[in-house]
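Here are the chains, one letter per residue:
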Amino acid sequence: MQLLDGKALSDTIKIELKKESMALNEKGITPGLAVILVGDDAASQTYVKMKEKACDATGIYSIIHKMPSTISQTKILEIIQMINQNPNIDGVLVQLPLPKHIDTTKIIEAIDPKKDVDGFHPFNVGRLVSGLDGYVPCTPLGVMRLLKAYNIDPKGLDACVVGASNIVGKPMMNLLLNAFATVDICHIYTKNLKEHTKKADLVIVGVGKINLITEDMVKEGAIVIDIGINKTSEGKIVGDVDFEHVAPKCSYITPVPGGVGPMTIAMLLENTILAAQKR
Ligand code: NAD
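If you're wondering where the values come from, they're calculated on a predicted model, not measured in any experiment. (Residues numbered from 1 in each chain as written. Predicted model: local features only at pLDDT ≥ 70, side-chain atom pairs only at ≥ 80, totals over all residues. Heavy atoms only, no water.)

**Here's the deal with the pairing of strand E2 (residues 32-38)**
The line we're drawing: Using a 1.4 Å probe on the protein chains alone, a residue whose accessible area is under 20% of its type maximum counts as buried, one over 50% counts as exposed, and one in between counts as partly exposed. Here a strand is any run of E in DSSP of at least two residues, a helix any run of H or I of at least four, and the numbering for each starts at the N terminus. In this description, strands pair whenever DSSP reports at least two bridges between them. Handedness of a crossover: with both strands directed away from the viewer, a clockwise path from the first strand across the helix to the second marks it as right-handed.
With seven of seven residues buried, E2 lies mostly within the body of the structure. Because side chains alternate across E2, one face comprises the buried residues Gly-32, Ala-34, Ile-36 and Val-38, and the other comprises Leu-33, Val-35 and Leu-37, equally buried. Alignment of E2 against strand E3 (residues 61-67), held across seven bridges, turns out to be parallel. When the sheet's bridge partners are listed, Gly-32 is paired in E3 with Tyr-61. In this fold, the crossover linking E2 to E3 by way of helix H2 (residues 42-58) has right-handed handedness. Inspection of the sheet shows E2 paired to strand E4 (residues 91-94) by four bridges, in the parallel sense. When the bridges of E4 are listed, Ala-34 appears paired with Val-92.

**Structural notes on the sheet that holds E2**
The test is simple: Whenever a helix is involved, its axis is fitted only over the stretch in contact; in every case the axis is a line through C-alpha atoms, and angles between N-to-C directions fall within 0 to 180 degrees. Note on contacts: a residue pair qualifies if any of its non-hydrogen atoms lie within 4.5 Å across the two residues.
Strand order in the open sheet formed by three strands is E3-E2-E4, with parallel pairing between adjacent strands. Across the chains shown, the open sheet's two edge strands, defined by having one partner strand only, are E3 and E4. Taking each pair of neighbouring strands and ignoring which way they run, the sheet shows an average axis angle of 15 degrees. Against the sheet, helix H3 (residues 73-85) contacts E2, E3 and E4, and its axis sits at roughly 175 degrees relative to E2.

**Structural notes on the layout of surface pockets**
Put simply, the test is: Here a cavity denotes grid points, spaced 1 Å and computed from the protein atoms alone, that fit a 1.4 Å probe unable to get out, and a pocket denotes an open set having protein on both sides within 12 Å along at least 5 of 7 lines; residues with an atom within 4 Å of a point are the lining. Grid points are joined across faces, edges and corners, and a volume is the space filled by probe spheres set on the points. Ten residues, namely Ala, Val, Leu, Ile, Met, Phe, Trp, Tyr, Cys and Pro, are considered nonpolar, four, namely Asp, Glu, Lys and Arg, are considered charged, and the remaining ones, Gly among them, are considered polar.
Volume-wise, the second largest pocket comes out at about 410 Å³. Taken together, 17 residues form the lining of the second largest pocket, with Asp-133, Gly-134, Val-136, Leu-141 and Leu-175 sitting closest to its centre. Only helix H6 (138-149), helix H7 (169-178) and helix H10 (260-277) provide two or more residues apiece to the lining of the second largest pocket. With four residues, the top contributor of residues to the lining of the second largest pocket is H6. Classifying every residue of the lining of the second largest pocket gives eight nonpolar, four polar and five charged.

Here it is in structure tokens:
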């Protein structure tokens, strides 16, 4: 069994991105990222802090628009318009989830697709589905990068994606399909999850449920990618896979933490630099 070390790979990517950022500086461009953070959800605040720190280290100027959970949808839309028109900002992301009274789709659709570094705008989603260039959501993009770094080619593999959200599972499915894997996608209403995971060469899980994937659910030699982030009652961060018992059966597996998480941030930085290069 070999660990897929997302932390080490993301550190290497960040060094390269810093160089690209410096090359942009020489042309008088400082890559800029605007983040919209609504409310005081602890996890969202932590993620935004991590993104801010990573931007600093890579030479990306970042600005956090912090708003109370009572803010109106109209006000958020106004701020997005302002960011869309700001020539010094290349990327914008809205930290999800948003409070219940805000229509998340409306907010995402207001982002200029050229600044949509999270790849959530329907324009970029459509391009991904069609196999065209565009911004791709950072977490599944990070998974593809991690596979590539370890010379794992999805072509011809039987892949099973568990979790079908717009930001994780669905784009993951499309990226794998575009890379010629045979993809099976499962969700909360899947009748017999084990029947699907057990036959897969590549199992990618992003659900948010501790120990969802157990030893009996994966075949010998499978590649297992754990996107889940969960906090145990003791405050430990774990994924969706019962790592201790599943890992010995795998050819490759991602740890949590240190697997997909750092790759997500590296891909956000990369998308932002890419947007700045297109300025
Ligand atoms: P979500 O709640 O939007 O979607 C969860 C998906 O899992 C849904 O499609 C649902 O149908 C499915 N699901 C729920 N219970 C299931 C079950 N018992 N069996 C099979 N499928 C089931 O969540 P999300 O935003 O997609 O995030 C999923 C997980 O990935 C969370 O733990 C989140 O913290 C994590 N995440 C990690 C990163 C990262 O960088 N590592 C980034 C984004 C999300």
